[in-house]
Structures are given as C-alpha cells and as structure tokens.
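# Chain and residue survey
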Protein chains: 2
Amino acid sequence: MSEFTQLETRLDRPGLIPRQLQPENLESPLNTLFSWQTPTDLFYLRNHLPYPTIDMDTWNLQIDGEVAGSKSYSYDDLYNMPHVSKFVTIECSGNKRGLLEPPALGEQWNIGAIGNAKWTGVPLSYLLDQFEISALAREVVFKGCDYGSRPDMPGQFHFERSLPLDSNLLDECIIALWMNDEPLPYKHGYPARLIVPGWYGMAHVKWLNKLTFTQDKFRGPFQAIDYVYIDNEDDFSKAVPVTEIKVNSIITWPAKGEVIKPGVHTIRGIAWAGKARITEVEISLDNGISWSNARLTSPEHSSYTWTFWEYTWTVSFPGHYFLTVRAKDSFGDVQPKQARWNAKGYANNSHHRVEVTVPGIPAPSLQ
Amino acid sequence: MSEFTQLETRLDRPGLIPRQLQPENLESPLNTLFSWQTPTDLFYLRNHLPYPTIDMDTWNLQIDGEVAGSKSYSYDDLYNMPHVSKFVTIECSGNKRGLLEPPALGEQWNIGAIGNAKWTGVPLSYLLDQFEISALAREVVFKGCDYGSRPDMPGQFHFERSLPLDSNLLDECIIALWMNDEPLPYKHGYPARLIVPGWYGMAHVKWLNKLTFTQDKFRGPFQAIDYVYIDNEDDFSKAVPVTEIKVNSIITWPAKGEVIKPGVHTIRGIAWAGKARITEVEISLDNGISWSNARLTSPEHSSYTWTFWEYTWTVSFPGHYFLTVRAKDSFGDVQPKQARWNAKGYANNSHHRVEVTVPGIPAPSLQ
C-alpha cells in the first residue's frame, strides 16, 4: 500500500544529542559507534563560543610572529598546494565525563564525544617549510575565527591553542580542507581546520585563520584555564596540560541495563589510543576478576584511529553480569581500572563497565 | 559566497537518541523539550518487540469477547466515524530511570522519554456504544500487531494491555488515526493507536488490531511482569500495577554541569501530572532549603498536557548552585523529594536537581 510506504520513511533516524544548546555541543548517538568511519552528519560537535561568521571574500590564513616575513594564503592558495589524507579519530577530552563519580563540571558527555573521519588537506610541514623560522620561536599559536565571552572573566576571546615547535608532532598535522572526501562542513571548521593526530579534540582548531610563532609560552584561557588536569577547582599551581589521547575502550553492545536471553551473544565495542596502536582488548564477565581476549575486527589497526573489537559470549545461567572492557596499546599503556579523577573531568579512561541481566524463572504470578 | 551557504545547511540537526537498538528505543533530545507541541519526528519511541509488518489489505480492528456479536472495522470504517482531537502528554513510565540511585534495570532513559502531541481519532466510547457488553465483562484487552519473544520466558507474545471497564476512564480514550494533524506514522502505531489520557505510555497500545472484553483479570507479561511496582526483582507478591502519570517536573535549562556567568538568567522547565493540572511549580536555589514560585507559561494548562514554566534568577555571587524543581497539582499531590525506589525503575518523580557553577576569580595562572 503506497500510503504505508510513504509513512514508513517519514520519521527521522537518530541524530546528534544536544548536551548544551548555546554554544552548540552535540554528541554522536550510539548507533554511530558501530561504523568505523563516522558519517559527517553524525560526527560530534564541541563548541566553546558562538559559531563565527566567515566571509570567504576576505578570509585568509595568516602566518606571522617570529618568522622572516609574514604571509597570507587564500583558500585557493591552500586548495592548490599538495594535499595528504589521513584517517584520524578525534576524541573530546571531556568524553565519558558523564560517567565520572563524583561528577565533574562541564558538558556531561556520555561515550559519544568521539568520531573517526578521513581528513584531507595541506601538510602543516609543507606550509612551515615556506618560512624561515626564528631560532627564538618555541611555539605556534593557532587562532580560530570563533570568539566571544567566557563565564569566568571579562572580555572577548578567540579560541586559540598552541603546539610546541616539535617537528615530530608538527609533521603529522594537517590543515584540513576536506572531511570524508567532501569540503569541510561549516560546523566542523570550514574553510580550514587544524588536525593534530593523536591529540584530544581541543587541539584541532576550527575556522583557522592565523598561525603565530612565539617565544613565550602561550597562556590563553583555552590553554591555561581549560584543558588542564587539576585536582581542585581554582588551584592551578600543579596544572598539567591535556595533550595526547590516552588508551581507552568502550562497550557499545549491550547497553547499560539491557535484559538479554540466555544463549550466544556478540559483545561489541571500540578501543583507541591516540598515536599508539591497540594491541589487546580484554573482556571480563565477572566484574574484573578474570579476563579474556576480544577479537580486533577493524579494517585497519593504524595509528591515530580507533579499533573495533568483538567477543563471543555464551551465557547459560540467569543472573546479573558486569561486563567490563580494558585495552592495551603498542606503547605498553594499559587502561586503568579507575582513571585519576580531576576537577575538570578530562580524559576519563577508566575501564568501561556495563551491567546486564539474564532473567531466569518466569514470574510465579503468571502461573 | 554560495558554497558557504550550501555547506551551512548540510549538517543534520539534533535527532532522537538511541537507548536500545533492537528493539528500537529512542529518546527525545533536549532541544525538543522547549517546544510545547512535540514535533512528530522527534517524539520518543519505546518498543518492546520488533516493528510489525502491517498489511493494510487485511488489517482491521476486531472487537470480541464478552459482547453480543463480535465485529471487525476496516480503516475506512474508522476513518468515516466521528472524530475528536485531544492534546495528550505521553510519558514512558521508565522516563528518568537513568537518574535513579541505585540504578534500576531497563533502558536508561534520561529526561526525554516524554512528548506532547495532538491525537485525533474515534472516541473509544463511540465504538463501545455499538456493542451490548455482557454484565460479566470486567476488562477490555487491547492487542497490538507487534509480537516476538521475551528474554525471560519461552514463546512468542503480542504486546497486549488491559484497562478496567470504567466508563470515566474509557470515555477519555481515543482510537487515534492522526498525530499532530497528519496520519499516524508507522513507528507510532499506524494505522491505529490507543490513547489513554493521563496514563503512562505502556497503556497507549500501538498497531492496535483487537479489543477483547473479558471476565478474568488480564495477566499477560506486559501487564503482570512488566509495568508493576515491586521492591525486589522476582518478588511479585506485592506487585502494584503502573497506571496513571504521577506529578513530575524537570529543569531543561541550564543543563547539568553548566558553567554560567553572574547576571540575570531564565531557568526553564516543564511540569506535568497526568489528569491533574499543574497548579504550582517551585524552584530552590539552595538545594531544597528555601523555595520560590516559578511562572507557568504554557499556552494552556489543561488536563493531560504538560505545562512550561520559567523563573528569573539573578545570581551575583560565584559558587556552585543546586537548582531544584518540584511541582504541585490540582489533586493536591506534591512531587516527593525522593520517589520510592522500585526494582523496575518506574515513575521516577523525585525532585529534579541540576548543579551549575558560577565561576569567580580568574585563575591566577593567567595573571
């Protein structure tokens, strides 16, 4: 019946999950976490400031500071330079904050502030090779077009972050103009976004329009106040900057609280570790007493991308089961049972635990 | 620049949030909770069984059991009967289960397993008036086309629920063919869905195809095992059925963990109470020590629909604030500080509390 078919397709599929409405902070829904390459329209969005207005007639990428001669590049300039493509998993450092106990301030992300996409653009090293950089320069500051006020201080701020002048790191970076083989979408930083493989999401500056070489250590608020590990709010005396992604893993099926039948089930999930490759994923069915190896099933287990895994579970007896996952990486790092708690709730890589129930006897009240 | 405009509109807006993939259980996202009438494509979906196949060439609504002469109605028959429209807020009885402490089994709904829509269709009383019902009949059983297995017992089951033969209740019910002035979407129960104003969602049987008048109390698993208040799993000796929606309210802005500036803010939220009207919403800014009245701002404060409210908050001092909301209804019921915990996690109407932070002094490390 034609009416039926028409109605069937009318409802939206799952979409991004709002965690904060202004600025817009949207998390990828669970179904997205079953796809190795994250669809662009379901890739999480993390904003600190209102969306900027980009005027493409005047936009350019300026390079200045401790270099011999500053310079500006138009979109066409970048478009006509050599390009590289890289799959990079980007994770918000606040991912899994909502699972912390005690809770930490900030957007209460569950497990979906992460995605894996193909980024294409100009190698940062190609751009930097055009310049004679002063021997005094220690950092590059990357400035986004987005700006606005912060709740904790007066004034207007651009989103800006620096990286150390370390060629191993900078050689990996890309000024991305494309995401998943299409022009970078506006909400993901069009016209140009910095990709810093292996680092948490805050480093991947969107709406990029300026690179500045500096002698001084950059102290902007998105670097010195946000994105630091601190034990207590307002005590920055021992603040340690948030940088590379820590080894981590999650169970994507079953979901927390799920009730499943006795029988054979495939537990599924993801593991990732920034630059390191995932070498081992282990599952515990008894709340961490004993562990078994899961199978790594990703199409590729390369650096900078997540790895999918699965585990065949034959469950015969009714009861409550605590499924727990932990991962190990090629640098020898192992996911901790309990990540060190920090006041801003970054980098929660505690073992991921999901409680499921296998019901037993039918309720007597039914006869 | 035309390319820019094109890109800007490409990303999906927020969508439904998957809580369980099979059967499909999707929650309304936060942005939906700012609209008095819930858009159909963002209305939450709660399924117990796989989606049924509906063959409209053979589908009909059968009425049998303790009546003089059973009968079947085609879609056209129902289409040509008198219709009524009613705005009804439907809430899943598991809404807010994810906020329970200790956790309870089942889909971990946050605050979005609720929606308010306009339902149009045949008054159930009009249909029942066509029949001479036996004096022995005590209940009507409503059967859906959806069927499948359950994790807790062998066999296949249709989704079926009964209502008592109480004319006050049945007179309110609608066999809905339309939702928000459009034909009922397939995923919301096309061709016909029972609407039971004031009751939790499980009573609103989708894909309805049979009404049976019975002498016996109906004991199907979706009535006798699910949707009962019990203190301990598997002890059904004192089970009390889940029926009418309890007085409840939530804060929709700010979100949990939000960091906001000193100044004047509008706290926003929703309150609802099934058949009763919301008469008062109170806000506490000090974790329940003192309370102030919020303004009720809905276009209508009718029975069966939710009420929107807002509260102007002038905050001058930095600190952590526990914003708490509670509602009172026209039956005199007041939302409890802590709802009685039950093993299946139904009807969580505890005060809703959101912790927010107003930051103070800029961090000294910034100078």
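Residues numbered from 1 in each chain as written. Chains lettered and ligands numbered in written order. Predicted model: local features only at pLDDT ≥ 70, side-chain atom pairs only at ≥ 80, totals over all residues. Heavy atoms only, no water.

### What about the overall build of chain A?
For chain A, the helix and strand inventory stands at five helices and 22 strands. By the compact-globule yardstick of 21 Å for 367 residues, chain A fits well, its C-alpha radius of gyration being 23 Å. Its C-alpha atoms put chain A at 85 × 60 × 40 Å along the principal axes. When burial is assessed residue by residue, chain A has 57% of its 367 residues classed as buried. Counted over contacts in chain A with a minimum sequence separation of 6, partners at least 24 positions apart contribute 70%. Carbon and sulfur atoms make up 48% of the accessible area of chain A, which amounts to about 14800 Å² in all. (Helix = DSSP H or I, 4+ residues; strand = E, 2+ residues; numbered from the N terminus. Rg over C-alpha atoms; globule rule 2.2 N^0.38 Å. Buried < 20%, exposed > 50% of the residue type's maximum accessible area, 1.4 Å probe, protein only. Contact = heavy atoms within 4.5 Å. Areas by Shrake-Rupley, 256 points an atom, 1.4 Å probe, with all protein chains shown as cover.)

### Let's talk about unusual backbone geometry
That bond from A:W253 to A:P254 is cis: its omega, 0°, falls within 30 degrees of zero. Within the secondary structure, A:P254 is located in the loop between β15 (248–253) and β16 (263–272). That bond from B:Q22 to B:P23 is cis: its omega, -5°, falls within 30 degrees of zero. Even without being glycine, A:K96 reaches a positive phi, approximately 70°. Counting through the fold element by element, A:K96 comes out in the loop between β5 (84–91) and β6 (114–123). Its relative accessible area of 1% is what places A:K96 among the buried residues.

### Some words on the interface of chain A and chain B
Every contact between the two is made by 67 residues of chain A and, on the other side, 68 residues of chain B. Roughly 6100 Å² is buried in total at the junction of chain A and chain B, and carbon and sulfur atoms are behind 65% of that figure. The interface formed by chain A and chain B includes zero salt bridges. Viewed at the interface, chain B and chain A are joined by 10 residue pairs in polar contact (both at pLDDT 80 or more). Among the residues forming the side of chain A that touches chain B, the class breakdown is 36 nonpolar, 15 polar and 16 charged. (Buried area = accessible area lost by both parts, 1.4 Å probe. Salt bridge = Lys/Arg side-chain N within 4 Å of Asp/Glu carboxyl O. Polar contact = N/O pair within 3.5 Å; in protein donor to acceptor, adjacent residues only side chain to side chain. Nonpolar A, V, L, I, M, F, W, Y, C, P; charged D, E, K, R; others polar.)

### Points about the sheet that holds strand β15 (residues 248–253) of chain B
Residues and elements named next belong to chain B. Overall, antiparallel pairing links the four strands, which are arranged β15-β16-β20-β19 in an open sheet. Strands with a single pairing partner mark the edges of an open sheet, and in this sheet they are β15 and β19 (295–296). Here β15 runs beside strand β16 (residues 263–272); their pairing, made up of five bridges, is antiparallel. When the sheet's bridge partners are listed, I250 is paired in β16 with I270. (Pairing = 2+ DSSP bridges.)

### Points about the pairing of strand β3 (residues 61–65) of chain A
All names here are of chain A. With three bridges connecting them, β3 and strand β4 (residues 71–73) associate as antiparallel partners. Bridge assignment links L61 to a residue of β4, and that residue is Y73. In sequence, β3 turns back onto β4 through a hairpin of five residues, with G69 there showing a positive phi of about 90°. One ladder, built from four bridges, connects β3 with strand β12 (residues 208–214); its direction is parallel. From the neighbouring strand, I63 faces β12, where its bridge partner is L211.

### Things to note about the confidence of the model for chain A
All names here are of chain A. Averaged over chain A, the pLDDT score is 92; the fraction of residues at 70 or greater is 94%. Here residues 1–10 is a poorly scored stretch, pLDDT under 50, and it has 16 contacts once near neighbours within four places are set aside; other chains count. Low pLDDT, under 50, characterises residues 363–367; the predicted model gives this stretch 11 contacts beyond four residues in sequence or across chains. Model confidence for the complex is summarised by a pTM of 0.88, with the ipTM given as 0.80. (pLDDT = per-residue confidence, 0-100.)

### As for the state of the cysteines
All names here are of chain A. Per the stated rule, a full pass over the model turns up zero disulfides over all chains. No disulfide involves C92; its nearest neighbouring cysteine sulfur is the one of C173, lying 18 Å away. For C92, a relative accessible area of 5% corresponds to the buried category. (Disulfide = S-S within 2.5 Å.)

### Thoughts on the sheet that holds strand β18 (residues 292–293) of chain A
Residues and elements named next belong to chain A. The strand order across the open sheet formed by four strands is β18-β17-β21-β22, and the pairing between neighbours is antiparallel. Each having just a single partner strand, β18 and β22 (352–358) make up the two edges of the open sheet. Strand direction decides the pairing type here: strand β21 (residues 319–329) and β22, joined by seven bridges, are antiparallel. Its bridge partner lying in β22, G319 is registered against V358.

### Points about the side chain of A:R19
Within the element layout of this structure, A:R19 appears in strand β1 (residues 17–20). If sequence neighbours within four positions are ignored, A:R19 has contacts with A:N25, A:E27, A:E107, A:Q108, A:W109, A:N110 and B:A255.

### Quick notes on the relation of the copies chain A and chain B
Each copy of the sequence occupies a distinct position, and chain A is placed on chain B by a rotation of 180° and an axial shift of 0.0 Å, giving an RMSD of 0.0 Å. Read as a symmetry element, the transformation amounts to a two-fold axis. Judged by C-alpha distance, A:G15 is the residue of chain A that lies nearest the rotation axis, at 1.8 Å. Most of the interface of chain A is mirrored in chain B: 100% of its interface residues are interface residues there too. (Least-squares fit on C-alpha atoms with pLDDT ≥ 70 in both.)

### Things to note about the domain arrangement of chain A
All names here are of chain A. Considered domain by domain, chain A is made up of domain 1 (17–241) and domain 2 (248–358). Distance from the C-alpha centre of domain 1 to the C-alpha centre of domain 2: 28 Å. Opposite the 40 residues of domain 1 that make contact, domain 2 presents 32 residues. At the boundary of domain 1 with domain 2, total buried surface from both sides reaches about 3100 Å², with 60% on carbon and sulfur atoms. In terms of surface lost to domain 2, no three residues of domain 1 exceed F34, W36 and K96, which account for 22% of the buried area on that side. Summed over the shared surface of domain 1 and domain 2, the number is three salt bridges. Across the salt bridge formed by D231 and R340, the nearest N and O atoms sit 2.8 Å from each other. Remark: the boundary between domain 1 and domain 2 carries 17 residue pairs in polar contact (both at pLDDT 80 or more). Elements supplying a minimum of two residues to the side of domain 1 that touches domain 2: β5, β6 and β13 (228–229). If you tally residues by element for the side of domain 1 that touches domain 2, the top one is β5, at four residues. Taken together, the residues of the side of domain 1 that touches domain 2 break down into 22 nonpolar, 10 polar and eight charged. (Domains from an automatic or database assignment.)

### Points about the environment of B:F87
In this structure, B:F87 sits in strand β5 (residues 84–91). Under the relative-accessibility criterion, B:F87 is labelled partly exposed at 23%.

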